[in-house]
Amino acid sequence: MDYVYLDNAATTPLDGRVLEAMLPWLRRPDGGVRGNPSSLHRAGAVASEAIEAARESVAAMIGAVPGEIVFTSGGTEADNLAVFGLAGAAPPEKRHAVISQIEHAAVREAGRYLEERGFTVTWLETDGFGRVDVSRLEAELRPDTAFVGVMWANNEVGTVQPVAEIAELCAARGVPFHTDAVQAAGRERIEVGSLPGVSTLALSAHKLGGPQGTGALYVGTGVELTSRTFGGGQERGLRSGTENVAGIVGFGAAARLATGEFTRRVHTERALRDRIIDGATQIPGVRLNGHPSRRLSGNVHLTVPGAESESLVLMLDALGFAVGKGSACSSSGHKASPVLEAMGQGADEAFSALRVSVGFENTAEEIDAFLEALGECVSRLREMAPRTLKANSPDMDLQTEKGA
Ligand code: PLP
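Presented here is a report on the structure given in the accompanying data block. (Residues numbered from 1 in each chain as written. Predicted model: local features only at pLDDT ≥ 70, side-chain atom pairs only at ≥ 80, totals over all residues. Heavy atoms only, no water.)

## Considerations on the environment of Ala153
Locating Ala153 in the fold gives a position in the loop between strand 5 (145-149) and helix 6 (163-173). Along the sequence, Ala153 and Val182 sit 29 residues apart, while their C-alpha atoms lie 8.1 Å from each other. Beyond its immediate stretch of four places on either side in the chain, Ala153 contacts Thr159, Val160, Asp180, Gln183, Ala184 and Leu296. (Helix = DSSP H or I, 4+ residues; strand = E, 2+ residues; numbered from the N terminus. Contact = heavy atoms within 4.5 Å.)

## Digging into the packing of helix 3 (residues 75-89) against helix 4 (residues 105-116)
Where helix 3 meets helix 4, the axes come as close as 8 Å, and the angle between the chain directions of the two elements is 30°. Helix-helix and strand crossings are classified by hand; for helix 3 and helix 4 the assignment is right-handed. Counting all contacts with helix 3, which are made through Thr76, Asp79, Asn80, Val83, Phe84 and Ala87, the residues of helix 4 involved are Ala106, Val107, Ala110, Gly111, Tyr113 and Leu114. Of the residues assigned to the contact of helix 3 with helix 4, the class counts are eight nonpolar, three polar and one charged. (Axes fitted to C-alpha atoms, helices over the stretch in contact; angles between N-to-C directions. Left-handed = near helix turned anticlockwise from the far one by under 90°. Nonpolar A, V, L, I, M, F, W, Y, C, P; charged D, E, K, R; others polar.)

## Description of the site of the ligand
In the region of the ligand, 13 residues are neighbours, and Gly75, Thr76, Asp180, Ser204 and Lys207 sit closest. Measuring from an oxygen atom of the ligand, one finds a backbone N or O atom of Gly75 at 2.8 Å. The separation between an oxygen atom of the ligand and a polar side-chain atom of Gln183 is 2.8 Å. A total of 390 Å² of accessible area belongs to the ligand in isolation, and the protein chains cover 85% of it. (Near = heavy atom within 4 Å. Polar contact = N/O pair within 3.5 Å; in protein donor to acceptor, adjacent residues only side chain to side chain. Areas by Shrake-Rupley, 256 points an atom, 1.4 Å probe, with all protein chains shown as cover.)

## What about the packing of aromatic side chains?
In total, this model carries three aromatic pairs according to the counting rule given. Ring geometry for Phe71 and Phe251: centres 6.2 Å apart, planes at 65°, overall edge-to-face. Placement of the pair is Phe71 in strand 2 (residues 69-72) and Phe251 in helix 7 (residues 245-260), with a sequence separation of 180 residues. Judged by relative accessible area, Phe71 falls into the buried class, the value being 3%. Given the relative accessible area of 0%, Phe251 is considered buried. Sitting above the plane of the Trp25 ring, Arg34 keeps its charged end 4.5 Å from the centroid. The aromatic ring of Phe84 is capped on one face by Arg228, whose charged end is 4.1 Å from the ring centroid. (Phe/Tyr/Trp six-rings, centres within 6.5 Å; stacked < 30°, edge-to-face > 60°. Buried < 20%, exposed > 50% of the residue type's maximum accessible area, 1.4 Å probe, protein only. Lys NZ or Arg CZ within 6 Å of the ring centre and 35° of its normal.)

## As for the pairing of strand 6 (residues 177-180)
Burial of the side chains of strand 6 extends over both faces: Phe177 and Thr179 are buried on one face and His178 and Asp180 on the other. For strand 6 and strand 7 (residues 200-204), the ladder comprises three bridges, and the chain directions are parallel. The residue bridging His178 from the neighbouring strand is Thr200, located in strand 7. (Pairing = 2+ DSSP bridges.)

## Concerning the environment of Cys170
For Cys170, the location among the structural elements is in helix 6. On the accessibility criterion, Cys170 (1% relative accessible area) is buried. With 32 residues separating them in the primary sequence, Cys170 and Glu138 have C-alpha atoms 8.6 Å apart. In contact with Cys170, other than residues within four places in its own chain, are Val148, Val175, Phe177 and Gly197.

## Looking at the side chain of Arg131
Checked against the element boundaries, Arg131 lands in the loop between strand 4 (120-124) and helix 5 (134-140). Here Arg131 sits buried without a salt bridge, and the closest side chain of opposite charge, Glu165, lies 5.7 Å off (N-O distance). Polar contacts involving the side chain of Arg131 include one to the main-chain carbonyl oxygen of Val160, which spans 2.9 Å. Those residues in contact with Arg131 that sit more than four places away from it in its chain are Thr126, Thr159, Val160, Gln161, Pro162, His291 and Arg294. (Lys, Arg positive; Asp, Glu negative; His and termini not counted. Salt bridge = Lys/Arg side-chain N within 4 Å of Asp/Glu carboxyl O.)

## Describing the nonpolar core
Counting residues in each nonpolar core, the largest one holds 56 residues, and the members touching the most others are Ile62, Val148, Leu201 and Leu203. Of all the secondary structure elements, the ones that give two or more residues to this core are helix 1 (16-22), helix 2 (42-61), strand 2, helix 5, helix 6, strand 7, strand 8 (215-219) and helix 7. The biggest single contributor to this core is helix 7, with 10 residues. Discounting chain neighbours no more than four positions away, the residues touching Val148 are Val98, Leu137, Leu141, Ile166, Cys170, Val175, Pro176, Phe177 and His178. Ile277, Ala280, Ile283 and Val300 belong to the second-largest nonpolar core, a separate cluster that totals 29 residues. (Core = buried A, V, L, I, M, F, W, Y, C linked by side-chain atoms within 4.5 Å.)

## As for the pattern of salt bridges
As enumerated under the stated definition, the model contains 20 salt bridges in all. Across the salt bridge formed by Glu109 and Arg108, the nearest N and O atoms sit 3.8 Å from each other. Assessed through its relative accessible area of 38%, Glu109 is described here as partly exposed. With relative accessibility at 13%, the residue Arg108 sits in the buried group. In this structure, Asp274 and Arg273 form a salt bridge, with 2.9 Å as the shortest nitrogen-oxygen distance. A relative accessible area of 33% places Asp274 in the partly exposed class.

Rendered as structure tokens:
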């Protein structure tokens, strides 16, 4: 068996059909050049038409209209544009935001930047599954709240948020709402047309079979945003800079495929995900994190007491399996990621976290081989584990497991 890729939450393989769609925009065509989409001549016009076709496909994937899609360099830029754009467009007396504690760094760090510059941010707690409580959110809204930020689904533990209820609340209170749907797009049904409370929504092509370095921000009709990119005024003045035509065309192709194959992909991923959950939780002490049912189709997030994440990832890699560490821990010290912390987990649990994220191209045979390798690695690591790590794993009977 070749190398088995089970880290689709980090990035997905580029779909061969997407690559085919992109190639003409990277090659010099016979007898011509690919123009700058802003140029008036034919070479520019065809590039501009290709971008507009991609805009339609991306809009269709989330139930938006094409004019509501702003292409960016990825999910991070889309999130930054939303956070700073909504804060910048708010009236001067509105200097408060409610942002969940489990956001990706692209939203969290943007929120921290605002905080350092005089904004007040309420960092909204979640329950033990990493889910936001809408009544708690409601209690945090203030007359000076400029915007709310709660992601559609979490990249670490896979928990899906009650976005429709949050959107309804924000619409009723007239508060702009940004949601990061980078992990959710292609895996959850997104219909922004029926969620008028969603003001902005971030997307990234490389999480759904598209190229890295391309993303988009949905900006609902009538939503006011300020820009932080100054230049030629492309993308409705919200994102100046010559467009990444090949990347955008690839994003459009990936969005079309994700829309057309949605049901098949989600069913395939769910079956593989549940196979991993069933198999991995048979290993003594191993438990699932995140919501048991309201979770992304491809996400498995585990705590593996007695096995340190990095060692486990490297050992599995050596055996031919790519998985994620499960916790974006601070590089400076032994600290849980803000996501696991918000869920009430300590550093020791984060230290033993593993994220396995399947894609629709994975197979049951690959999963079975992975489960075998996981069992083997966990036993070996537990045998080598220092006493302190074992002592920090009170819910695991290491003796029993060793003897088994
Ligand atoms: N938001 C979430 C939830 C993500 O998972 C990621 C990527 O890991 C991003 C934002 C950033 O997207 P990009 O890698 O396209 O900048």
